[in-house]
Amino acid sequence: MQPKANHAGIPGTTFTEQIIVFASLETADKVNLQPYTQVQRHRKGEIILHESDVLPAKLYAVVSGSIQVTKTATTGKETILRALAAGEIFAAPALLGNGISPATVTAESDCEILTLERDTLLKAIGENPEIALRMLIVFNSRIQQLHETVHGLVSERAIVRLARLIQYFAAESGTEFTSQGECLKVKLSYYRMARSSGISYEECVRLIKSLKSVIAYSRGGTIMILDAEKLDA
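Just so you know, these numbers come straight off a predicted model, no measurement behind them.

Attention shifts here to the overall build of the chain. If you tally the helices and strands in the chain, you get eight helices and 13 strands. Taking 2.2 N^0.38 as the reference for a compact globule, 233 residues should give roughly 17 Å; the C-alpha atoms of the chain span a radius of gyration of 19 Å, in line with that estimate. Split into buried and exposed, the 233 residues of the chain put 43% on the buried side. Long-range contacts, defined as pairs at least 24 residues apart, comprise 68% of the intrachain contacts of the chain with a sequence gap of at least 6. With the model as given, the accessible surface of the chain reaches about 12800 Å², and the carbon-plus-sulfur share is 54%. Each charge class in the chain was averaged separately, 25 positive and 25 negative side chains, and the resulting centres sit 6 Å apart.

Now for helix H3 (residues 118-127). Buried within H3 we find Thr120, Leu121, Ala124 and Ile125. One side of H3 holds all its buried residues, which, seen down the axis, span an arc of 140 degrees. Seen from the buried face of H3, the exposed residues on the opposite side, beyond 90 degrees, are Asp119, Lys123, Gly126 and Glu127.

Quick look at the pattern of salt bridges now. On inspection of all chains with the given rule, the structure shows eight salt bridges. Here Asp110 makes a salt bridge to Arg43, at a shortest N to O gap of 3.7 Å. Of the two residues, Asp110 sits in the loop between strand E8 (104-107) and strand E9 (111-117) while Arg43 sits in the loop between strand E2 (37-42) and strand E3 (47-49), which places them 67 residues apart along the sequence. Look at Asp110 and you get partly exposed, because its relative accessible area is 44%. By relative accessible area, Arg43 is classed as exposed at 54%. Of the charged contacts, one joins Glu108 and Arg192 as a salt bridge, the two residues approaching to 2.7 Å between their closest N and O atoms. With a gap of 84 residues between them, Glu108 in the loop between E8 and E9 and Arg192 in helix H6 (residues 190-197) connect regions that are remote in the sequence.

Interhelical geometry of helix H5 (residues 158-173) versus H6 gives an angle of 110 degrees and a closest axis separation of 10 Å. If you check the angle between H5 and H6, you find them roughly perpendicular. Where H5 crosses over H6, the handedness of that crossing is right-handed. Between H5 and H6, the residues in contact are Arg161, Leu162, Leu165, Ile166 and Phe169 and Arg192, Met193, Ser196 and Ser197, respectively. Class assignment for the residues of the contact of H5 with H6 results in five nonpolar, two polar and two charged.

The next point concerns the state of the cysteines. Summed over all chains, the structure comprises zero disulfides. Not part of a disulfide, Cys204 finds its nearest cysteine sulfur in Cys183, a span of 17 Å. Overall, the relative accessible area of 0% leaves Cys204 in the buried class.

It is worth spelling out the sheet that holds strand E10 (residues 175-177) at this point. One open sheet holds the four strands; their spatial order is E10-E11-E13-E12, and the pairing between them is antiparallel. Only two strands of the sheet have a single partner each, and these edge strands are E10 and strand E12 (215-218). Mean inter-strand twist for the sheet, computed between neighbouring axes without regard to direction, equals 25 degrees. Across two bridges, the pairing between strand E11 (residues 182-184) and strand E13 (residues 222-225) is antiparallel.

Definitions and cut-offs
Residues numbered from 1 in each chain as written. Predicted model: local features only at pLDDT ≥ 70, side-chain atom pairs only at ≥ 80, totals over all residues. Heavy atoms only, no water. Helix = DSSP H or I, 4+ residues; strand = E, 2+ residues; numbered from the N terminus. Rg over C-alpha atoms; globule rule 2.2 N^0.38 Å. Buried < 20%, exposed > 50% of the residue type's maximum accessible area, 1.4 Å probe, protein only. Contact = heavy atoms within 4.5 Å. Areas by Shrake-Rupley, 256 points an atom, 1.4 Å probe, with all protein chains shown as cover. Lys, Arg positive; Asp, Glu negative; His and termini not counted. Charge placed at Lys NZ, Arg CZ, Asp CG, Glu CD. Arc of directions from axis to C-beta. Salt bridge = Lys/Arg side-chain N within 4 Å of Asp/Glu carboxyl O. Axes fitted to C-alpha atoms, helices over the stretch in contact; angles between N-to-C directions. Parallel < 35°, antiparallel > 145°, perpendicular 65-115°, else oblique. Left-handed = near helix turned anticlockwise from the far one by under 90°. Nonpolar A, V, L, I, M, F, W, Y, C, P; charged D, E, K, R; others polar. Disulfide = S-S within 2.5 Å. Pairing = 2+ DSSP bridges.

Right, here's the structure in full:
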């Protein structure tokens, strides 16, 4: 983990400019926040936060790259809760809860993580309440996503959960149209899909093969949607 200076290195830009909850701020206000931020680099695979870590009262955000948030059950089974890209905030309990990390955060790629002291954030919210509104929208969206995931685990068949997962990443990360179909821009390995949908690796492989007329899986995690209507069905 390597600390980085508090400037973006690009004329006219700041790290805070890249964080979605600060989008409503004037450029001058973003620049004023800059001295109170810290940015650290993390290598792919490095753990940024451990589950149950005591967190300092700060805002955490992804400046570049992507991270993965996972939860480990008492049985030792690990589930991927979400993947977050540049501009996203995370570790809400550091600001709004008990200050204990509810999950493990890992660098999915080489990334840069910004932190901003809580007192500075509260001052910025006092001057621009829309920051708080944007934060609430983000956290509310994640709660709804979590409810849907829990509902799916309880009531939906494994193949339905897997289809919804592929649709989610198609919408979230985008697709590229080819002569064969829609190719997901994000790579989804069997392992990742299994951990994200609450099924075993072996069951994931079997289900993907059973959907060969609907999707095509290539080595390395490339997913091609051959028939979007059948996938939805």
